[in-house]
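Working through the structure, step by step
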Amino acid sequence: MSSYGPFAYKNGELHCEGVALSAIAEAVGTPCYVYSRSELERAYKAFDAALEGIPHSVHYAVKACSTLGVLAVLAKLGAGADIVSLGELFRWQRAGGDPAKVVFSGVGKTRDEMKAAIAAGIGCFNVESAEELYTLDEVARSVGAKVKIALRVNPDVDPQTHPYISTGLKQNKFGVGMDEARTLLRDAAAKCPGLQIAGVDFHIGSQITKASPFADAIARLVDLVTALRSDGVMLTHVDIGGGLGIDYGKGETVVSPAEYGAAVRAALKPVLDLGLTLHTEPGRVIVGMAGALVTRVVYRKRNEAKHFTIVDAAMNDLMRPALYGAFHPMKPVVKPERATITTDVVGPICETGDFFARDRELPELDQGELLWIGAAGAYGSAMASNYNTRPRAPEVLVRGETHTVIRARETYEQLVAGETIPT
Ligand code: LLP
């Protein structure tokens, strides 16, 4: 590999667009997250273009990367947002995002969250259960509002991804069953004056690498839309969630946005012909490839069984390998051509789960050298924590030859702000 998305070697040095990663590491220290603005824009536009011809809206899943500087780039491109908390709504609005383009997902929205989201004027609630539906109706009526809803269904389709990020199977907590959905929406249309029944929605999982699970789930949604029409419930949109996978460099083939778009277009045809529009909620495919974690080798050591490369980033900075056994590509920041060794890349946290790679064949790195961990833009910084009282890493956005710190490294004072020692 001499390039990976926006990260490419120039004169033996890995750059993000026109900026050397070593210069960024020098400026902000390590570990740090680096994002490419042009890749964010390219990925967003590619996804949007893949759905050309379908009346649609793209609601970026804020949870994938919720840093203001990243949200602002997407908001400027005209994106909407898929949120799951008031915190995400706050971030979206702070970044200049339009609340009217927000869809609110999640199985556990509280009354307070509903009230605040109605007051902010969000576009649609994606409702996940009968109890939530009737509660939202009550809350809406109590404030004299009529809110747009889509009901999330569970199409019972296997997305063929990691079990922790599969969400559209019967055993998962998400959505309601297809039969229940029909009765529930019929009932709500008749009895819930606080609700405008606008759509049905699904999100079957994440890091999906084939088009067929989407096509299968859409076919089930199409049947539901048709059945509801015969009941007199006329929907105006369908929402097919997010879930499109990216290439983590493991050698798997991943369906492209264009192939996904073609499959979606074909499967949706019956409801598009009825004039319904499409909502989407992509996260990973928009930000995943744009971001990397840059870390420095602290020590190396070898025991009878293994070689370890100990770096200054840890599972608190990027928890995907620890949590899902996820694979992330890795490269030395300088001089990639050299002899390789088989090594475990691990962080300094006191847990065996604190690893980025196990038995990975990598160019042998010296103490003090920089390592690039790629495809870390999605669910990287957004899932970071302060475990081991480690300040969250800074984040940098590159544009051409320049870079901007979009999040400063946390300070120890910030970490303890809000804590009190009892007298
Ligand atoms: N819509 C809903 C309702 C979701 O729950 C999600 C992600 C998305 C959209 C965006 O999915 P995406 O396009 O990013 O696949 N932390 C895990 C991924 C969890 C995904 C949760 N839901 C990971 O690091 O792989």
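Residues numbered from 1 in each chain as written. Predicted model: local features only at pLDDT ≥ 70, side-chain atom pairs only at ≥ 80, totals over all residues. Heavy atoms only, no water.

Moving on, we get to the overall build of the chain. On a plain count of helices and strands, the chain comes out with 12 helices and 21 strands. The C-alpha atoms of the chain give a radius of gyration of 23 Å, which matches the 22 Å a tight globule of 423 residues would have. If one aligns the C-alpha atoms of the chain with their principal axes, the spans along those axes are about 70 × 60 × 45 Å. Here the chain holds 423 residues, and 55% of them are scored as buried. Taking as baseline every contact in the chain between residues at least 6 positions apart, the subset at least 24 positions apart corresponds to 70%. (Helix = DSSP H or I, 4+ residues; strand = E, 2+ residues; numbered from the N terminus. Rg over C-alpha atoms; globule rule 2.2 N^0.38 Å. Buried < 20%, exposed > 50% of the residue type's maximum accessible area, 1.4 Å probe, protein only. Contact = heavy atoms within 4.5 Å.)

On to the site of the ligand, then. Close to the ligand lie 19 residues, the nearest being Ser206, Glu281, Arg320, Tyr324 and Tyr379. In this structure, an oxygen atom belonging to the ligand sits 2.4 Å away from a side-chain N or O atom of Ser206. Measuring from an oxygen atom of the ligand, one finds a backbone N or O atom of Arg284 at 2.8 Å. For the ligand, whose free accessible area comes to 590 Å², the fraction covered by protein is 91%. A class-by-class count of the residues in the shell around the ligand yields 6 nonpolar, 7 polar and 6 charged. (Near = heavy atom within 4 Å. Polar contact = N/O pair within 3.5 Å; in protein donor to acceptor, adjacent residues only side chain to side chain. Areas by Shrake-Rupley, 256 points an atom, 1.4 Å probe, with all protein chains shown as cover. Nonpolar A, V, L, I, M, F, W, Y, C, P; charged D, E, K, R; others polar.)

The next subject is helix H4 (residues 86–94). Listing the buried residues of H4 in full gives Glu88, Leu89 and Trp92. Projected down its long axis, H4 shows its buried positions confined to an angular sector of 100 degrees, all on one face. Buried positions along H4 lie against helix H3 (68–76), strand E7 (80–83), strand E8 (102–104) and helix H5 (111–120). The N-terminus of H4 is capped by Ser85, whose side-chain oxygen sits 3.3 Å from the backbone nitrogen of Gly87. Positive backbone phi, approximately 95 degrees, marks Gly96, located one or two places after H4. (Arc of directions from axis to C-beta.)

We now examine the sheet that holds strand E3 (residues 13–16). Spatial strand order, E1-E2-E3-E4: 4 strands in an open sheet with antiparallel pairing. Edge positions in the sheet fall to strand E1 (3–4) and strand E4 (19–20), since each of these pairs with one other strand and no more. Summarising the sheet, strand E2 (residues 7–10) and E3 pair through 4 bridges and their orientation is antiparallel. Residue pairing for E3: Lys10 is matched across the bridge by Glu13. (Pairing = 2+ DSSP bridges.)

Next up on the list: the nonpolar core. Counting 119 residues, the largest nonpolar core has Leu21, Phe125, Ile149 and Val287 as the members making the most contacts within it. Of the residues forming this core, the biggest block, 8 residues, is contributed by helix H8 (residues 212–230). Counting residues domain by domain, this core receives three or more from each of domain 1 (3–30 + 290–416) and domain 2 (37–284). (Core = buried A, V, L, I, M, F, W, Y, C linked by side-chain atoms within 4.5 Å. Domains from an automatic or database assignment.)

Right, let's get into the sheet that holds strand E13 (residues 277–280). One closed barrel holds the 8 strands; their spatial order is E6-E7-E8-E9-E10-E11-E12-E13, and the pairing between them is parallel. On average, each strand axis in the sheet is tilted by 30 degrees relative to the strand beside it, whichever way the strands run. In terms of strand pairing, strand E9 (residues 124–127) meets strand E10 (residues 147–152) through 3 bridges, oriented parallel. Within E10, the position partnered with Asn126 by the bridge is Ala150. Contacts from H8 reach strand E11 (195–201) and strand E12 (237–239), with the element oriented near 150 degrees to E11. (Axes fitted to C-alpha atoms, helices over the stretch in contact; angles between N-to-C directions.)

The subject of this paragraph is the pattern of salt bridges. Applying the stated criterion across every chain, the model contains 18 salt bridges. The closest approach of N and O atoms between Asp82 and Lys63, which form a salt bridge, is 3.8 Å. Remark: Lys63 occurs in the loop between strand E6 (56–61) and H3 and Asp82 occurs in strand E7; sequence separation between them is 19 residues. Measuring nitrogen to oxygen at the nearest pair gives 2.8 Å for the salt bridge that ties Arg182 to Asp231. (Salt bridge = Lys/Arg side-chain N within 4 Å of Asp/Glu carboxyl O.)

The next thing to look at is unusual backbone geometry. Put simply, Thr30 and Pro31 share a cis peptide bond, and its omega is -5 degrees. Within the secondary structure, Pro31 sits in the loop between helix H1 (21–28) and strand E5 (32–36). Phi at Gln160 takes a positive value of approximately 55 degrees, unusual for a residue other than glycine. Mapping Gln160 onto the fold places it in the loop between E10 and helix H7 (178–191).

Attention now moves to the pairing of E10. Of all the 6 residues making up E10, 5 are buried; the element is thus mostly covered by neighbouring parts of the structure. Regarding the hand of the β-α-β motif, the stretch spanning E9, helix H6 (residues 130–142) and E10 is right-handed. Pairing of E10 with E11, which is carried by 6 bridges, proceeds in the parallel orientation. Looking at E11, one finds that Lys148 is bridged to Gln196. Between the parallel elements E10 and E11, the chain passes through H7 in a crossover that is right-handed. (Right-handed = clockwise from strand over helix to strand, strands pointing away.)

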